[in-house]
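One letter stands for each residue in the lines below.
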Amino acid sequence: MGEFKVHRVRFFNYVPSGIRCVAYNNQSNRLAVSRTDGTVEIYNLSANYFQEKFFPGHESRATEALCWAKGQRLFSAGLNGEIIEYDLQALNVKYAVDAFGGPIWSMAASPSGSQLLVGCEDGSVKLFQITPDKIQFERNFDRQKSRILSLSWHPSGTHIAAGSIDYISVFDVKSGSAIHKMLVDRQYMGVSKRKCIIWGVAFLSDGTVISVDSAGKVQFWDSATGTLVKNHLIANADVQSIAISDQEDSFVVGTAEGTVFHFQLVSVTSSSSEKQWVRTKPFQHHTHDVRAVAHSPTALISGGTDTHLVIRPLMEKVEVKNYDAALRKITFPHRRLVFCAKKKQLLLFQFAHHLELWRLGSTVATGKHGDTLPLSKNADHLLHLKTKGPENIICSCISPCGSWVAYSTASRFFLYRLNYDHDSVSLQRVSKMPAFLRSALHILFSEDSSKLFVASSQGSLHIIRLLEGSFKHLHTFQPQSGTVESMCLLAVSPDGNWLAASGTSAGVHVYNVKHLKLHCTVPAYNFPVTALAIAPKTNNLVIAHSDQQVFEYSIPDKQYTEWSRTIQKQGFHHLWLQRDTPITHISFHPKRPMHILLHDAYMFCIIDKSLPLLFMDLLDEKTLVAVERPLDDIIAQLPPPIKKKKFGT
């Protein structure tokens, strides 16, 4: 392997946004997650929980509700009063509709998926019809005295339960009338509170309504009579979320103390058919509020202020004890936020609303293996580039020579020329960028920094020639077979002749940049692509998939290499395949063509093709840069969790 001098970078002050909502889709086995900055992420649970899609956030979109309808249609709503539908192919917002009820606090799709219900600040419950292209307002239900914070449909679609402040309403869907109003006890640990907020409700087939509230209670109500049946006091703080299994034999709740509780419907005795709800398992995988929970057939899913998405498998439901049986805690996005200009030893960091450019530190000291060398020159913060407008940055990149920086939001594309004068940097913005570049999903510069490759949200790939302070549009590759599938990953060969692009499914297309035509398509594979790279000299394309398989494809020969075929016959080591974080970056050793370098959020490894045995990015043949983000640093920047009284203090 050889030895490397490693730059351990810890000045990337990245803190993910907290999780506000989660929504599980049983038909596609996908999980939608919304964060406090308005970002929405889609995880493919069948593909090793890979974050295959994301929609960038927006300052005015404080998402309070998220749900799936009509199979693959995803909706969100929030405090700006709008209902949004997302285009899962183009990866952008399809449209936004004002509900005209003030801030929206809750939303639920009907069991048939054809209707959408929202609960508003003004106490209104509004029903929308889901049409093939949009949603259309149908009618209002009886207005309530306070905001509607939670909603749930009866599985038959005939009634709904709505949680408000101090009471739960049961509505008849056909008439829109409230037929019951169930008052909630304000008692909280023996003390009467001023208000009791109903954070979540779940309507069961037998007419039971389960509610969770700010007084730390889980309560069971008979919706036919409007009476309280059972009460569980489970927390010293708010119970903020609830989700029930499709079979209605299990549900999960999350609390402001960071605890997740699991309830199961069990038989009273072994010989009795009578069943009752029993709290079976508490889990403490969060440090802060658990704002959202979901229940898949095989796992309990939770997320909250501490930014972690936690997937805890239900061992009795997992058939095969492989990596599906492992506890997962996803903290960082499965996409790159750090970019390297190797020739100038620069790092570009992407945040939601700004970019930072740093020059790496250096040392003249020497030492033995494992030594930490003192810096003779500290890292320099060269540039803080803030975006204009409320939109989050989707993607960014810096050229290998360090002279160009590009980034995109949902509506604008920015390109800058950088000029260096010792420790200062001046910017020259390239004006009049074409409209077709906006909403780019991936940006990549050629190795010689002469070309810019842009993958748009409409499935097109654009090639831009960079001139001194300006540009020229060279070519656009249109989507294959008339689809609009977005290309999320790009890789260009070091000689600049080949461009590989992968979409949100498993396909990879290779284009001839010199002749501006499609060269070949790599055979489809069942799992999404997580990283791409083209090796120098050989022009072999290395592809990593979410199931931890790694393939090597010869672009000139249009077939898998002999090494790749051998690896697939022998199979990777089972410990490698059981890793639960996707490979997010691939690079190559400039002097050792048999070495492939890969990393994920927790591991850096080298595949030596000469063995073949499994054992970041190189700045040069002896220098490695590794950007680290300790989890303790993230926790330190979060608001303090609820204080818990310790025994004896």
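Residues numbered from 1 in each chain as written. Predicted model: local features only at pLDDT ≥ 70, side-chain atom pairs only at ≥ 80, totals over all residues. Heavy atoms only, no water.

Digging into the sheet that holds strand S49 (residues 540-545)
Put simply, the rule is: Two strands pair if DSSP finds at least two bridges between them. For the purposes of this entry, the term helix denotes a DSSP run of H or I that reaches at least four residues, the term strand denotes a run of E that reaches at least two, and both are numbered from the N terminus. By the convention used here, residues are in contact when the closest approach between their heavy atoms is within 4.5 Å. Interaxial angles span 0 to 180 degrees and are taken between N-to-C directions of axes, which are lines fitted to C-alpha atoms, for helices over the stretch in contact.
The antiparallel open sheet is built from four strands, whose spatial order is S48-S49-S50-S51. Only two strands of the sheet have a single partner each, and these edge strands are strand S48 (529-534) and strand S51 (559-560). Of the strand pairs in this sheet, strand S50 (residues 550-554) and S51 are connected by two bridges, and their pairing is antiparallel. Residue pairing for S51: serine 554 is matched across the bridge by glutamine 559. Along the sheet face, helix H1 (residues 562-570) touches S50 and S51 and points at about 150° away from the line of S50.

Some points on the domain arrangement of the chain
To keep things clear, this is the line we draw: Domain segmentation is taken from an automatic or database assignment of domains. Two parts lose some accessible area (1.4 Å probe) when they are put together, and adding that loss for both gives the buried area. Salt bridge, as used here, is a side-chain nitrogen of Lys or Arg placed within 4 Å of a carboxyl oxygen of Asp or Glu. Pairing of N or O atoms within 3.5 Å defines a polar contact, subject to two protein rules: one partner must be a possible hydrogen donor and the other a possible acceptor, and residues neighboring in sequence count only if both atoms are side-chain atoms. Here the term charged refers only to Asp, Glu, Lys and Arg, the term nonpolar to Ala, Val, Leu, Ile, Met, Phe, Trp, Tyr, Cys and Pro, and the term polar to all other amino acids, Gly among them.
Domain assignment breaks the chain into domain 1 (1-16 + 332-360 + 378-478), domain 2 (19-239) and domain 3 (240-331). Centre-to-centre separation of domain 1 and domain 2, based on C-alpha positions: 39 Å. On the domain 2 side, the residues contacting the 13 residues of domain 1 number 15 residues. For the pair domain 1 and domain 2, the summed buried area comes to about 1,200 Å², and 55% of that belongs to carbon and sulfur atoms. The largest per-residue losses of area from domain 1 upon contact with domain 2 belong to His334, Arg335 and Asn392, which jointly make up 42% of the total buried on that side. In this structure, the connection of domain 1 to domain 2 is made through zero salt bridges. Where domain 1 touches domain 2, the interface holds five residue pairs in polar contact (both at pLDDT 80 or more). Counted by class, the side of domain 1 that touches domain 2 contains six nonpolar, five polar and two charged residues.

Focus: the pattern of salt bridges
We apply this condition: Exposed residues in this analysis have more than 50% of their type's maximum accessible area, buried residues have under 20%, and partly exposed residues fall in between, with area computed by a 1.4 Å probe over protein chains only.
Counted according to the given criterion, the structure contains 13 salt bridges. Put simply, aspartate 122 and arginine 143 hold a salt bridge, and the shortest N to O gap is 3.3 Å. With aspartate 122 in the loop between strand S11 (115-120) and strand S12 (125-130) and arginine 143 in the loop between strand S13 (135-140) and strand S14 (150-153), the pair connects residues that are 21 residues apart, well separated along the chain. For arginine 143, a relative accessible area of 55% puts it in the exposed group. A salt bridge links aspartate 380 to arginine 359, with the nearest nitrogen and oxygen atoms 3.6 Å apart. One end of the pair, aspartate 380, is in strand S35 (residues 380-386); the other, arginine 359, is in strand S34 (residues 354-359), and 21 residues separate them in sequence. By relative accessible area, which is 18% here, aspartate 380 ends up buried. A relative accessible area of 19% means that arginine 359 is categorised as buried. Look at the salt bridges and you will find they share partners, linking Arg359, Lys377 and Asp380 into a network.

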